[in-house]
Amino acid sequence: MLDIAFAKASLPESGALVLPLAEEDLGGALMGEWDRLLGGSLARGVAAAEFKGRKGQSTTLYAPGGGLSRLVLVGLGKRESLDAAAAEAAGGNAVAALGKEAVASVDARAIGGWAGAPADLALGAALRAWRFDRYRTTEKPEDKPRLTGIKVLCEDPQAAKGEWASRRAIADGVFLTRELVSEPANILNPPEFADRLRKLEKLGVEVEVFGQKDLEKLGFGSMLCVSQGSAQPPRMVVMRWNGTDSKKKDSQPIAFIGKGVTFDTGGISIKPAGGMEDMKWDMAGAGTVAGLMMALAGRKAKVDVVGLVGLVENMPSGTAVRPGDVVTSYSGQTIEVINTDAEGRLVLADVLSYCKKRFDPAFMVNLATLTGAIIVALGNEHAGLFSNDDGLAARLQAAGKSVGELAWRMPLGEAYDRAIKSDIADMKNVGGGRAGGSITAAQFLQRFVDGCPWAHLDIAGVAWGSKDQPTVPKGATAWGVRLLDRLVAEHHEGRSPVAVPAVEPEAAVSGVGSESPAMLAEGGASSDASIAAPEPVAPAPAPRPSTRRARR
Amino acid sequence: MLRLRLTELPRGRHPLAFPALPEEALPAAYAPLAAVARFGAAEGEVLRLDGALGRRTAWLVGGGAPRPLRMEVAGALAVEALSGDPEDREARPVRRAVIDARGLDPVAIGQLAMGAGMRGHRLPDLSTRPRRALRRLDLLVDDAAAAAPELARVEAVLRGVGLARDLAAEPANRLTPTSFAERLLGLRKHGVEVVVHGQDWLERHGYGALLAVGQGSARPPRLVVLRWPGSGGGAPVAFVGKGITFDTGGISIKPAKGMEAMKGDMAGAAACAGAILALALRRSPAPAVAVLAIAENATGAASYRPGDVLRTASGRTVEVVDTDAEGRLVLADALHHARGLGPSAIIDLATLTGSIVSALGHHRAGLFGNDDGLRDAAMAAGDAVGEPLWPMPIGAKHRSDLDSAIADLRHCLPVGGGGPGWVGKFLPDACQAAAFLREFAGGDTPWAHLDIAGMDLREEGVEGGAYPLPPGPSGFGVRLLDRLVADRFET
């Protein structure tokens, strides 16, 4: 992860400076101060480059003076629409614009109005700067990204550092998910996946791993029929984070369940070759649950959570499950396997019923790269959201909206459920034909939740990105880690949600216009430090951060 | 069209159906026999009783637990039972029958009639076989005068639905763009103004998208405008319908399998016409217009091609990617035309995408739009009449996917063109189509787009709707539009 430090504003002696500016900031006091420090080059550059501060716009001025290698202007758009997401996007866009710089300072003072603004910007930068580099062995050092750290310039570095701790934990969780999702299937098989989850124990997460024999004993006939064609044994991993103060074991946890098919060939119903390499990320649901557990434990969330992942590999072979086979699930319900490529629901069926039976959770949310039909329905801006609980669905949608991970509610209903009637078993694993394919998949899952409030997120369209986004480089997105972290933070930690307050234009302008320019002028005039020395923030100890400060 | 009649006297010996509700005791004539047969009045439960009413055959039709549309389902099942086995050519056809609706209030009688009329409607039969379908249905009621206004309202809607179903069922050699437009002229006798714009007019006014889609066909396209003046004055509500009388796919030709169903690719336009007829027959006070874009998408030497750039009526240029995505092109010009009529709202209906069938199956149509109020009203209207919708998104990316390097926008993405890898094989075509249409519906008028593919047709062995209808067009949308107008535009 990028090194993140917070400091009062001062002109960096070298390296790059990033200046995020709203449209209204052009020609304002903040810009004026930097312009004076840089001997007028900023105003000239802004005019020459026609920088207007529009959202997503960025302009680089090279060698603008004062020892700086470059000055990057990042547009924030209209001040009234500034929020945490915009701050993150600015941080991400700044990283993208920094090119081969090794260190940079980012002036976050134009982004204000809520306490966590500098930390939000830092989070965006960190999220964008992530790269999965493990298997590039011949890339020349000069071709690699060099950015190692950023210094965020703000009014109150101490407060920003405090705000950063929880965001750092979230970023750690996101990175775990991205790494798991990026790993190829010859490396990340079910046993390896389970081993990596054991490392969460260092954060205080209880980790239980169930192997082939355990699952057989439990009667996971549905999940095991998927793995039976593979040389790799299956695993189910149960992760528990008890973050409430009471040590009571009888507290009703909330539960997150992930589909973890480490590679999905489709089995006997084998997939076409084109694009099959993407099936290494058919475990993104499980990867997301893992990252979420890491984030919650990392920020010591005051909540009792269980995370369950069903890990299998779906291969065609002489021992593979066949179309037409009938299996008995953990719940006792029998399933006729029509299509062995509809395997995710077979895995989730057993894990959902097991979770309900063992933990009786307040609700269950499962994530799965479940159907191509959800992409045909919604594309890759929205995940599909299915739920038997309107309140839970609304909370999930709201949490997603606030972190930029959108979910769109899709219907359930008896009429769709009838499509999975089987002539020989209690149900079949696909409906007839392609019609409503993601809905019939959700109906299948609903048969295993036993009345528990439940939501299913079909993330097939959002788990992997083909283009860089401001805070999400292309590849594994870790979609859902932040949404679910936010859901927990806003509704399940016994506190009222901290809403990002609407930016009051006057307040923001006066903040920038009065106090800071004075300070800047002072700092600029005398080179010796009348400005507080930049305070590098010590990285929070990864295993057990001492702070209880949980979230934004 | 099944003829419905209210009567207070149980004359004749025609078979009779009695809708039985589980919470009510059966009449004494039926109770002992029903008890022996363990008839529980569950939904779909049907019991034939010979001898309970002398020489008249009686059917007990279970209504099931109380719920909306219960009586409508019962009416439909009653007609199904009364009609006998359509495959049994030895049996004497039942041409007249009775439903015993005594003891029911006018609303319930209306619902029974609606279900009976929907189920009993006779689609065009071009065979030379003798007709066997039920022709007349008497509704036995306590007070015919009290039930008459409700029945008249129901019959108006049924005739609208019937028109839509008949038009959609017509084969494309009989229902060409020209004959479609001619048939719509028949609406004039109900007080509907009908204006037909032909090839010349379309060329003069630059309706380049509609013209391009129709240019491969030997029958030129038509833009038909139906206007029901209403009585309240004010801005009309506008319906816009896709009326592709046959869709071969054009140069991007469809696979042969199932192509015969493409005669029904004008179901959106048919539903709009049916809704206008219903409003006219029930003398709705609300002014309404329907703009129907009618063309045949044929494969020929003059067909438009992938890569062509069209200038639409709005002036915007469109790059053609797949000529089988023709519906959105003709709608683009029709939406532009509708905007010019100064409507209070625009609702378009189209059998637009296979994508919406993948998304929602055969139980809900896709609902897109730019106005929350209209969206909620359309959802409520659909739920009320058993034509349910589901709101679908138009995301920023759905629009940016339509960026074109040569024109203002392209109308769709190429098959499999959704980007690299596995994900790119799947296109959210319904959402992208809606994003395309939004460009032409404009932002200032409330607009809703109903993608009714998957709902327009009842197919053998495919479940859809609240109760079974014979295979063929369902008339989906007529009742919804009628209800939406009644709820929202008849103030």
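Residues numbered from 1 in each chain as written. Chains lettered and ligands numbered in written order. Predicted model: local features only at pLDDT ≥ 70, side-chain atom pairs only at ≥ 80, totals over all residues. Heavy atoms only, no water.

Section: helix 5 (residues 177–185) of chain B
Because the α-helix completes a turn every 3.6 residues, residues three or four places apart line up on one side.
Okay, so step 1: Looking only at helix 5 of chain B, the buried set comprises Pro177, Thr178, Ser179, Phe180, Ala181 and Leu184 of chain B.
Okay, so step 2: On its buried side, helix 5 of chain B packs onto helix 4 (144–169), strand 7 (193–197), strand 8 (222–228), strand 9 (237–247), helix 8 (267–281) and strand 10 (288–297) of chain B. (Buried < 20%, exposed > 50% of the residue type's maximum accessible area, 1.4 Å probe, protein only. Helix = DSSP H or I, 4+ residues; strand = E, 2+ residues; numbered from the N terminus. Contact = heavy atoms within 4.5 Å.)

A word on the confidence of the model for chain A
Okay, so step 1: When pLDDT is averaged along chain A, the result is 89, and 88% of the positions lie at 70 or above.
Okay, so step 2: With pLDDT under 50 throughout, residues 496–552 of chain A is counted as low confidence; its partners more than four residues away or in other chains account for 89 contacts. (pLDDT = per-residue confidence, 0-100.)

A look at the UniProt feature "domain: Cytosol aminopeptidase" (unreviewed entry) in chain A
Okay, so step 1: The UniProt record annotates "domain: Cytosol aminopeptidase" (unreviewed entry) at residues 339–346 of chain A.
Okay, so step 2: The span residues 339–346 of chain A carries 38% helix and 0% strand; its end-to-end C-alpha distance comes to 11 Å. (UniProt positions renumbered as here; feature names shortened; annotations may be inferred.)

Thoughts on the side chain of glutamate 72 of chain B
Okay, so step 1: With respect to the secondary-structure elements, glutamate 72 of chain B resides in helix 2 (residues 70–83).
Okay, so step 2: Judged by relative accessible area, glutamate 72 of chain B falls into the buried class, the value being 3%.

Some remarks on the sheet that holds strand 8 of chain B
All names here are of chain B.
Okay, so step 1: The strand order 7-8-10-9-13-17-14-15 describes an open sheet built from 8 strands, whose pairing is mixed. A single partner strand is all that each edge strand has here, and the edge strands are strand 7 and strand 15 (389–391). Between one strand and the next, the sheet's axes are offset by a mean angle of 20°, whatever the strand orientation.
Okay, so step 2: Sheet topology places strand 14 (residues 365–369) next to strand 15; 3 bridges connect them, and they run parallel. When the sheet's bridge partners are listed, alanine 365 is paired in strand 15 with leucine 389.
Okay, so step 3: Of the strands in this sheet, strand 13 (345–350), strand 14, strand 15 and strand 17 (447–451) are in contact with helix 11 (residues 372–385), which crosses strand 15 at around 155°. (Pairing = 2+ DSSP bridges. Axes fitted to C-alpha atoms, helices over the stretch in contact; angles between N-to-C directions.)

Some words on the packing of helix 4 of chain B against helix 14 (residues 478–489) of chain B
Residues and elements named next belong to chain B.
Okay, so step 1: The interhelical angle for the contact between helix 4 and helix 14, taken along N-to-C directions, is 140°, at an axis separation of 9 Å. Here helix 14 runs oblique to helix 4, going by the angle between their axes. Once helix 4 is placed against helix 14, the crossing between them reads as right-handed. Where helix 4 abuts helix 14, its residues Arg153, Val157, Gly160, Val161 and Ala164 lie against Val478, Arg479 and Asp482.
Okay, so step 2: Among the residues forming the contact of helix 4 with helix 14, the class breakdown is 4 nonpolar, 1 polar and 3 charged. (Parallel < 35°, antiparallel > 145°, perpendicular 65-115°, else oblique. Left-handed = near helix turned anticlockwise from the far one by under 90°. Nonpolar A, V, L, I, M, F, W, Y, C, P; charged D, E, K, R; others polar.)

Observations concerning the pairing of strand 5 (residues 103–107) of chain A
All names here are of chain A.
Okay, so step 1: For strand 5, the buried fraction is high: 4 of the 5 residues fall into the buried class.
Okay, so step 2: Note that strand 2 (residues 16–21) and strand 5 share 3 bridges and pair parallel. Residue alanine 16 lies in a different strand from strand 5, and its bridge partner there is alanine 104.
Okay, so step 3: For the crossover from strand 5 across helix 4 (residues 117–129) to strand 6 (residues 149–153), the handedness is right-handed. (Right-handed = clockwise from strand over helix to strand, strands pointing away.)

Considering the confidence of the model for chain B
Okay, so step 1: Overall, the predicted model of chain B reaches an average pLDDT of 95, with 100% of residues at or above 70.
Okay, so step 2: Our summary of model confidence lists the complex with pTM equal to 0.91 and ipTM equal to 0.94.

Considerations on the pattern of salt bridges
Okay, so step 1: This structure, assessed with the given rule, holds 65 salt bridges over all chains.
Okay, so step 2: Residue arginine 418 of chain A is joined to glutamate 463 of chain B by a salt bridge in which the shortest nitrogen-to-oxygen separation is 2.4 Å. Taken together, the positions of arginine 418 of chain A in the loop between helix 13 (414–417) and strand 16 (427–428) and glutamate 463 of chain B in the loop between strand 18 (457–458) and strand 19 (472–473) put the pair across two chains.
Okay, so step 3: We classify arginine 418 of chain A as partly exposed; its relative accessible area is 32%.
Okay, so step 4: Glutamate 463 of chain B gets classed as partly exposed once you look at its relative accessible area, which sits at 34%. (Salt bridge = Lys/Arg side-chain N within 4 Å of Asp/Glu carboxyl O.)

Focus: the UniProt feature "binding site: Mn(2+) 2" (unreviewed entry) in chain A
Residue and element names in this part refer to chain A.
Okay, so step 1: The feature "binding site: Mn(2+) 2" (unreviewed entry), as annotated in UniProt, sits at Lys259, Asp264, Asp282 and Glu343 in this numbering. A compact arrangement is adopted by the annotated residues: their sequence extent is 85 residues, whereas the largest C-alpha distance between any two is 11.4 Å.
Okay, so step 2: Residue position: aspartate 264 is located in strand 9 (residues 254–264).
Okay, so step 3: Aspartate 264 sits in the buried class, given a relative accessible area of 2%.
Okay, so step 4: Residues within four places of aspartate 264 in sequence aside, it is in contact with Lys271, Met276, Met279, Asp282, Asn314, Asp341 and Glu343.

Some details on the interface of chain A and chain B
Okay, so step 1: Contact residues are listed per partner, giving 34 residues for chain A and 29 residues for chain B.
Okay, so step 2: Summed over the shared surface of chain A and chain B, the result is 15 residue pairs in polar contact (both at pLDDT 80 or more).
Okay, so step 3: Among the elements of the structure, helix 11 (373–378), strand 15 (406–409), helix 13 and helix 14 (437–446) of chain A are those that each provide at least two residues to the side of chain A that touches chain B.
Okay, so step 4: With 5 residues, helix 11 of chain A is the single largest residue contributor to the side of chain A that touches chain B.
Okay, so step 5: Among the residues making up the side of chain A that touches chain B, the classes are represented as 16 nonpolar, 11 polar and 7 charged. (Polar contact = N/O pair within 3.5 Å; in protein donor to acceptor, adjacent residues only side chain to side chain.)

Here's the deal with the environment of leucine 104 of chain B
Residue and element names in this part refer to chain B.
Okay, so step 1: Tracing the backbone shows leucine 104 in the loop between strand 5 (96–100) and helix 3 (106–120).
Okay, so step 2: With 39 residues separating them along the chain, leucine 104 and aspartate 143 place their C-alpha atoms 9.9 Å apart.
Okay, so step 3: Those residues in contact with leucine 104 that sit more than four places away from it in its chain are Met71, Ile109 and Leu112.

Looking at the domain arrangement of chain B
All names here are of chain B.
Okay, so step 1: By domain assignment, chain B separates into domain 1 (3–142) and domain 2 (162–489).
Okay, so step 2: Here the C-alpha centre of domain 2 lies 36 Å away from the C-alpha centre of domain 1.
Okay, so step 3: Across the boundary between the two partners, domain 1 contributes 14 residues, which contact 20 residues of domain 2.
Okay, so step 4: For the pair domain 1 and domain 2, the summed buried area comes to about 1,400 Å², and 66% of that belongs to carbon and sulfur atoms.
Okay, so step 5: At the boundary of domain 1 and domain 2, one finds 1 salt bridge.
Okay, so step 6: Between arginine 479 and glutamate 72 there is a salt bridge, with the nearest N and O atoms lying 2.8 Å from each other.
Okay, so step 7: Inspection of the domain 1/domain 2 interface yields 4 residue pairs in polar contact (both at pLDDT 80 or more).
Okay, so step 8: Counting only elements with at least two residues in the side of domain 1 that touches domain 2, the list comes to helix 2 and helix 3.
Okay, so step 9: No other element matches helix 3, which puts 4 residues into the side of domain 1 that touches domain 2. (Domains from an automatic or database assignment. Buried area = accessible area lost by both parts, 1.4 Å probe.)

Considerations on the packing of helix 11 of chain B against helix 14 of chain B
Residues and elements named next belong to chain B.
Okay, so step 1: With their axes 8 Å apart at the nearest point, helix 11 and helix 14 run at an angle of 125° to one another. Overall, the two elements helix 11 and helix 14 adopt an arrangement that is oblique. Once helix 11 is placed against helix 14, the crossing between them reads as right-handed. Across the interface between the two elements, Gly373, Leu374, Ala377, Ala378, Ala381, Gly382, Ala384 and Val385 of helix 11 pack against Arg479, Leu480, Arg483, Leu484, Arg488 and Phe489 of helix 14.
Okay, so step 2: A class-by-class count of the residues in the contact of helix 11 with helix 14 yields 9 nonpolar, 2 polar and 3 charged.

Digging into the nonpolar core
Okay, so step 1: By size, the foremost hydrophobic cluster in this structure holds 166 residues, and its most contacted members are Met236, Met239, Phe256 and Leu308 of chain A together with Met392 of chain B.
Okay, so step 2: Beyond its immediate stretch of four places on either side in the chain, methionine 239 of chain A contacts Leu197, Leu200, Val205, Glu206, Val207, Val289, Ala290, Met293, Val305, Val306, Gly307 and Val309 of chain A.
Okay, so step 3: Counting 96 residues, the second largest nonpolar core, distinct from the first, contains Ile99, Ile276, Ala448 and Leu469 of chain B. (Core = buried A, V, L, I, M, F, W, Y, C linked by side-chain atoms within 4.5 Å.)

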